[in-house]
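# Examination of the molecular architecture
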Amino acid sequence: MSKAAATEASKRPIGVFDSGVGGLTVLAVLRRMFPHEDFIFVGDNMNNPVGNRPKEEISQIAMNIGHFLAKVPVKMAVVACNTFSVVALDELQATFDFPVVGMAKGVRTAIDTSQTQKIAVMATKATIDSHKHIEEAHELQPAVAVWEQACPDLAHLIEQGHLDDHIVHSSLQQYLDPIIKSGSDIVVLGCTHFPFLMDLMQHMSGGNKTFIDPAYETAEEVKDILEAQQLLNSQSAKGKLDICFTKDKELAERMTSILIPPEDFNVRIITL
Ligand code: DGL
């Protein structure tokens, strides 16, 4: 890209997307790291959950959002969803002419931090079935033991606003029990919905496990690309925020306001 084209592109927003509210946990980290960037967030909650679907459907849903963001246009897209990232990142990157960043796996931080060299990954069924976390972990450290914990109903419970009731407690308990038995001291949250339950998870696992949110590693990758491609927005004003969902405005507003000050956003409903 020429310097003039990069300067023009740098003024565009960064697109961040997920199958629902999970991507907001990544957006919140990105906004803190890049206060002068404009963001457009798309949560396709009409299609939530995606994590139990066949790969073709998952790709189709991710590509639809990609086409919406291309029309905005955005200067970069952050796939704030592990399921979309493991299934559709290659296709997204091959299709669009702006950089597309997928979710980091978080396993490097987990291995570096673990005392026991036993780590666990909690994620959707599709993400666990891809075995991408275990692959990356064994490339980095062949001796590390990785407990893969699929959590098929958890993202959707969070999507529906179950953050601290008996329904989410009993769902979480059935996933934490085998992790506790596995002896893992570090747990990677391999689904962007799960950081909504970070405190609850810590509490329910006895306070002696470290839960890793890979959004921070992802944000570092975003930074490297924005800098390398001279795409950082040079405006001195605070960045603007456009929050889009595909249904349930009220619930979306309630969940967004947990992570983002209400005066900073409006939710609009879009059709993809
Ligand atoms: N937030 C998504 C992820 O990180 C999954 C939610 C879903 O199953 O739709 O995988």
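Chains are numbered independently. Their residues run from 1 in the order of the written sequence. The model is predicted, so local features are restricted to residues of pLDDT at least 70 and side-chain atom pairs to those at 80 or more, both for listing and for counting; the totals for chains, interfaces and linings are taken over all residues. As a convention, hydrogens and water are excluded, and side-chain values are obtained from all of the structure's heavy atoms.

## A closer look at the overall build of the chain
- Summing up its helical and strand segments, the chain has 12 helices and 10 strands in all.
- For the radius of gyration, the atoms used are the C-alpha atoms, and the globule rule reads 2.2 Å times the number of residues raised to 0.38. Radius of gyration (C-alpha) of the chain: 18 Å, near the 19 Å computed for a compact globule of 272 residues.
- Dimensions of the chain, computed from the C-alpha atoms along their principal axes, are close to 55 × 40 × 35 Å.
- Any two residues having at least one pair of non-hydrogen atoms within 4.5 Å are treated as being in contact. For the chain, the proportion of contacts with a sequence separation of at least 24, taken over those separated by at least 6, is 78%.
- Between the mean site of the 23 positive side-chain charges and the mean site of the 35 negative ones, the chain shows a separation of 4 Å. Helix and strand assignments follow DSSP, with helices taken as H or I runs no shorter than four residues and strands as E runs no shorter than two, numbered in order from the N terminus. Positive residues here are Lys and Arg, negative ones are Asp and Glu, while His and the chain termini are left out of the count. By convention, charge coordinates are those of NZ in Lys, CZ in Arg, CG in Asp, or CD in Glu.

## Some words on the packing of helix α3 (residues 55-71) against helix α4 (residues 82-95)
- Each axis is a line fitted through C-alpha atoms, taken for helices only over the stretch in contact, and angles between the N-to-C directions span 0 to 180 degrees. Packing of α3 against α4 brings their axes to within 9 Å, and their N-to-C directions diverge by 50°. As summarised for this structure, α3 and α4 are arranged oblique, according to the angle between their axes. Along this stretch, α3 crosses α4, giving a crossing that reads as right-handed. Across from K55, I58, S59, I61, A62, M63, I65 and H67 in α3, the residues of α4 making contact are T83, F84, V87, A88, E91, L92 and T95.
- Nonpolar residues are Ala, Val, Leu, Ile, Met, Phe, Trp, Tyr, Cys and Pro. Charged residues are Asp, Glu, Lys and Arg, and all others, Gly as well, are polar. Of the residues that constitute the contact of α3 with α4, the class distribution is nine nonpolar, four polar and two charged. By the definition adopted for this analysis, an angle is roughly parallel if under 35 degrees, roughly antiparallel if over 145, roughly perpendicular if from 65 to 115, and oblique otherwise. Should the near helix be turned anticlockwise from the far one by less than a right angle, the crossing is left-handed, and should it be turned clockwise, the crossing is right-handed.

## Side note on the pairing of strand β5 (residues 118-123)
- Counting buried residues in β5 gives five out of six residues, a clear majority hidden from the surface.
- Here a strand pair is declared whenever DSSP counts at least two bridges between the two strands. Relative to strand β7 (residues 186-189), β5 is paired through four bridges, and the arrangement is parallel. From the neighbouring strand, V121 faces β7, where its bridge partner is V188. Here the term buried applies to any residue with accessible area under 20% of the maximum for its type, exposed to any over 50%, and partly exposed to those in between, with areas from a 1.4 Å probe on protein chains only.

## A short note on the sheet that holds strand β9 (residues 241-245)
- Reading across from one edge, β4-β3-β1-β2-β9-β10 is the order of the six strands in this open sheet, with parallel pairing throughout. Two strands lie at the open edges of the sheet, namely β4 (100-101) and β10 (267-269), each paired on one side alone.
- Across two bridges, strand β3 (residues 76-79) lies against β4 in parallel orientation. When the sheet's bridge partners are listed, A77 is paired in β4 with V100.
- Packing against the sheet, helix α2 (residues 23-33) makes contact with β1 (14-18), β2 (39-43), β3 and β9, and its axis sits at approximately 170° to β2.

## Describing the site of the ligand
- When we say a residue is near a molecule or strand, we mean one of its heavy atoms is within 4 Å of it. S19, V50, N82, T83 and H193 are the nearest of the 14 residues found near the ligand.
- Under the rule applied, a polar contact is a pair of N or O atoms within 3.5 Å (in protein, one hydrogen donor and one hydrogen acceptor; residues adjacent in sequence only if both atoms are side-chain atoms). Interatomic distance of 2.6 Å between a side-chain N/O atom of T83 and an oxygen atom of the ligand.
- Method for areas: the Shrake-Rupley scheme with a 1.4 Å probe, in which residue coverage is limited to the protein chains shown. Within the complex, 99% of the 300 Å² of free accessible area of the ligand lies under protein.
- The residue inventory of the shell around the ligand, partitioned by class, reads five nonpolar, eight polar and one charged.

## Digging into the packing of α2 against helix α12 (residues 249-259)
- Orientation of α2 relative to α12, taken along the N-to-C sense of each, is 35°, at an axis distance of 9 Å. Once α2 is placed against α12, the crossing between them reads as right-handed. Contact residues: α2 offers L24, T25 and A28, while α12 offers M255, T256 and L259.

## Here we look at the environment of E221
- The topology assignment puts E221 in helix α11 (residues 215-228).
- Taking the C-alpha atoms as reference, E221 lies 31 Å from H162; in sequence the two are 59 residues apart.

## Brief notes about the pattern of salt bridges
- Whenever Lys or Arg places a side-chain nitrogen within 4 Å of a carboxyl oxygen from Asp or Glu, that contact is recorded as a salt bridge. Summed over all chains, the structure comprises 10 salt bridges.
- Close ionic contact of D264 with R31 constitutes a salt bridge, the shortest N to O distance being 3.1 Å. Highlighted residues: D264 in the loop between α12 and β10 and R31 in helix α2, separated in sequence by 233 residues.
- Residue class for D264 comes out buried when judged on its relative accessible area of 19%.
- Classification of R31 as buried rests on a relative accessible area of 16%.
- Measuring nitrogen to oxygen at the nearest pair gives 3.6 Å for the salt bridge that ties E227 to K223. Taken together, the residues span about one helical turn, with E227 and K223 both in helix α11 at a distance of four residues.

## Remarks on the nonpolar core
- Counting 53 residues, the largest nonpolar core has M122, L154 and F194 as the members making the most contacts within it.
- Setting aside chain neighbours within four positions, we find F194 in contact with M122, A123, C151, L154, A155, I158, L189 and M201.
- Counting residues in each nonpolar core, the second largest holds 25 residues, with I40, V42, V50 and F96 among its members. Put simply, buried Ala, Val, Leu, Ile, Met, Phe, Trp, Tyr and Cys residues joined by side-chain atoms within 4.5 Å make one nonpolar core.

## Details of the side chain of T127
- Mapped onto the elements, T127 comes out in helix α6 (residues 125-130).
- Taking relative accessible area as the criterion, T127 reaches 1% and is therefore assigned buried.
- Of note is the side chain of T127, whose polar atom sits 3.4 Å from the side chain of T83.
- Here T127 is in contact with N82, T83, V86, K132, H133 and G190, once residues within four sequence places are set aside.

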